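Listed below are the residues making up each chain.
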Amino acid sequence: MADPGPLVDAAMGLAAAGLTVGGWTYAAMYPRSQLFGRVLVAGHNPGELALTFDDGPNGDTTLRLLDVLAKHEARATFFVIGRFVRKQPGIVQAIARAGHIVGNHTMTHPWLHIQTDARIREELRTANVAIEDTLGAPVRFFRPPHGARRPYVLDYARELSLTTVQWNIIANDWRPQESSRIVKTIQRGIIRNRRRNHSTNIVLHDGGDVALGQPRLPTVGAVDTLLASLSSQGIRPVTVDTWL
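An unreviewed UniProt entry lists the protein chain under the name Polysaccharide deacetylase family protein, with Granulicella sibirica given as the organism.

Take a look at the structure:
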């Protein structure tokens, strides 16, 4: 009988490699993972909820969303794409004037975990410059596109004095769907978070990374419905800086 030792060793090696790849993927892509470095997800008060919006500014859709937030006296956090900031600076200024937080969502929205160090620096730095030129104030928060990161992404964000923010509910609102379905997804997530005694941090989209003019009116409707229901659930909207 042949010695099974080499086969066992090979199998163990493949298993270890699989675990390594799986662990790296988890650390890079799972929004709540802290393995590559600390990220801000949410607090521990189940009565708090943060609305965050990615991929704007996006023309009239973002302005309508600002009207809904004002109607409910709610503040939110907007993670904006630098190239769209350059095209629509007035909307970014309107976001800030309304008392919302404006954060960095890179210049062009790449998957940062597979980019070179130089590209990562360029994406974060140029987006910061675009926002700061527009608002005349420093940027404090950063969200990596798709939540994707590797250690250098978080290290460089810290060099820029940026707090990296992830989430614990994603509403999948970039897919065509009715407002009611978006609300149902969010409400299921809120119930899950409250059972765990966690605050809720929702990622929604007022724009899209491909181009301006993305159809996001169902998101606006969902936010209106959601905010109208929060007080009856004993939940108050906050911004992500509450959890620092």
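Still to come is the rest of the account.
1. Structural notes on the overall build of the protein chain
From N to C terminus, the protein chain includes 8 helices and 8 strands. Rg of the C-alpha trace for the protein chain: 20 Å, near the compact-globule value of 18 Å for 244 residues, within the 12% margin. C-alpha extents for the protein chain along the principal axes are approximately 80 × 40 × 35 Å. Taking all 244 residues of the protein chain together, 50% fall into the buried category. Accessible area for the protein chain stands at about 11,400 Å²; split by element, carbon and sulfur atoms hold 56% of it. The averaged location of the 21 negative side-chain charges in the protein chain is 5 Å from the averaged location of its 27 positive side-chain charges.

2. Quick word on the pairing of strand β2 (residues 77-80)
In β2, alternate side chains face the same way, and those of Thr77 and Phe79 on one face and Phe78 and Val80 on the other are all buried. By the bridge criterion, 4 bridges tie strand β1 (residues 48-56) to β2 in an arrangement that is parallel. When the sheet's bridge partners are listed, Gly56 is paired in β2 with Val80. Handedness of the β-α-β unit built from β1, helix α2 (residues 59-71) and β2 comes out right-handed. Relative to strand β3 (residues 101-104), β2 runs parallel, the two being bridged by 4 bridges. Considered in β3, the bridge of Thr77 is made with Ile101.

3. Concerning the packing of aromatic side chains
Taken as a whole and assessed by the stated rule, the structure comprises 4 aromatic pairs. Residues Tyr26 and Tyr30 carry aromatic rings whose centres are separated by 4.9 Å and whose planes lie at 15° to one another, so their mutual orientation is stacked. Taking the relative accessible area as the measure of exposure, Tyr26 reaches 39% and is therefore partly exposed.

4. Description of helix α4 (residues 89-97)
All buried positions along α4 are accounted for by Ile91, Val92, Ala94 and Ile95. Down the axis of α4, the sector holding all buried residues measures 155°, keeping them to one side. The inward-facing, buried residues of α4 abut α2, β2, α3 (82-87), β3 and α5 (117-135). Count one or two residues on from α4 and you reach Gly99, which has phi positive near 95°.

5. Remarks on the UniProt feature "domain: NodB homology" (unreviewed entry) in the protein chain
Within the UniProt annotation, "domain: NodB homology" (unreviewed entry) is assigned to residues 47-238. Between the first and last C-alpha atoms of residues 47-238 the distance is 10 Å; the span itself is 45% helix and 17% strand.

6. A look at a positive patch on the surface
Together, Arg175, Arg181, Lys184 and Arg188 make up a positively charged patch on the protein surface. Mapped onto the elements, Arg181 comes out in helix α7 (residues 179-195). Exposure remark for Arg181: the relative accessible area of 56% places this residue in the exposed category.

7. Focus: the nonpolar core
Ranked by internal contacts, the top residues of the largest apolar core, which has 43 residues, are Leu51, Phe53, Leu69, Phe78, Leu204 and Val223. Ranked by the residues each element gives to this core, the list is headed by helix α8 (residues 217-230), at 6 residues. Once residues within four sequence positions are removed from consideration, Leu204 is found in contact with Leu51, Thr52, Phe53, Asp54, Ala171, Asp173, Ile182, Ile186, Thr219 and Val223. Among the nonpolar cores identified, the runner-up in size contains 9 residues, and Ala50, Ile101, Val240 and Trp243 belong to it.

8. What to know about the side chain of Gln166
Considering the arrangement of structural elements, one finds Gln166 in the loop between β5 (163-164) and β6 (169-170). Ignoring any residue separated from it by four or fewer positions in sequence, one finds Gln166 in contact with Pro31, Val39, Leu40, Val41, Arg143, Pro144, Gly147, Arg149 and Asn201.

9. Details of unusual backbone geometry
Phi is mostly negative for residues that are not glycine, and the peptide bonds are mostly trans. Following Gly56, the chain continues into Pro57 via a peptide bond in cis, with omega recorded as 0°. With respect to the helices and strands, Pro57 occurs in the loop between β1 and α2. For His146, which is not glycine, the phi dihedral falls at a positive 65°. Take His146: it is sitting in the loop between β4 (141-142) and α6 (151-159). For Asn172, which is not glycine, the phi dihedral falls at a positive 55°. Within the fold, Asn172 resides in the loop between β6 and α7.

Parameters and conventions
Residues numbered from 1 in each chain as written. Predicted model: local features only at pLDDT ≥ 70, side-chain atom pairs only at ≥ 80, totals over all residues. Heavy atoms only, no water. Helix = DSSP H or I, 4+ residues; strand = E, 2+ residues; numbered from the N terminus. Rg over C-alpha atoms; globule rule 2.2 N^0.38 Å. Buried < 20%, exposed > 50% of the residue type's maximum accessible area, 1.4 Å probe, protein only. Areas by Shrake-Rupley, 256 points an atom, 1.4 Å probe, with all protein chains shown as cover. Lys, Arg positive; Asp, Glu negative; His and termini not counted. Charge placed at Lys NZ, Arg CZ, Asp CG, Glu CD. Pairing = 2+ DSSP bridges. Right-handed = clockwise from strand over helix to strand, strands pointing away. Phe/Tyr/Trp six-rings, centres within 6.5 Å; stacked < 30°, edge-to-face > 60°. Arc of directions from axis to C-beta. Contact = heavy atoms within 4.5 Å. UniProt positions renumbered as here; feature names shortened; annotations may be inferred. Patch = residues over 30% accessible without salt bridge, like charges linked within 9 Å, V, L, I, M, F, W, Y side chains within 5 Å. Salt bridge = Lys/Arg side-chain N within 4 Å of Asp/Glu carboxyl O. Core = buried A, V, L, I, M, F, W, Y, C linked by side-chain atoms within 4.5 Å.

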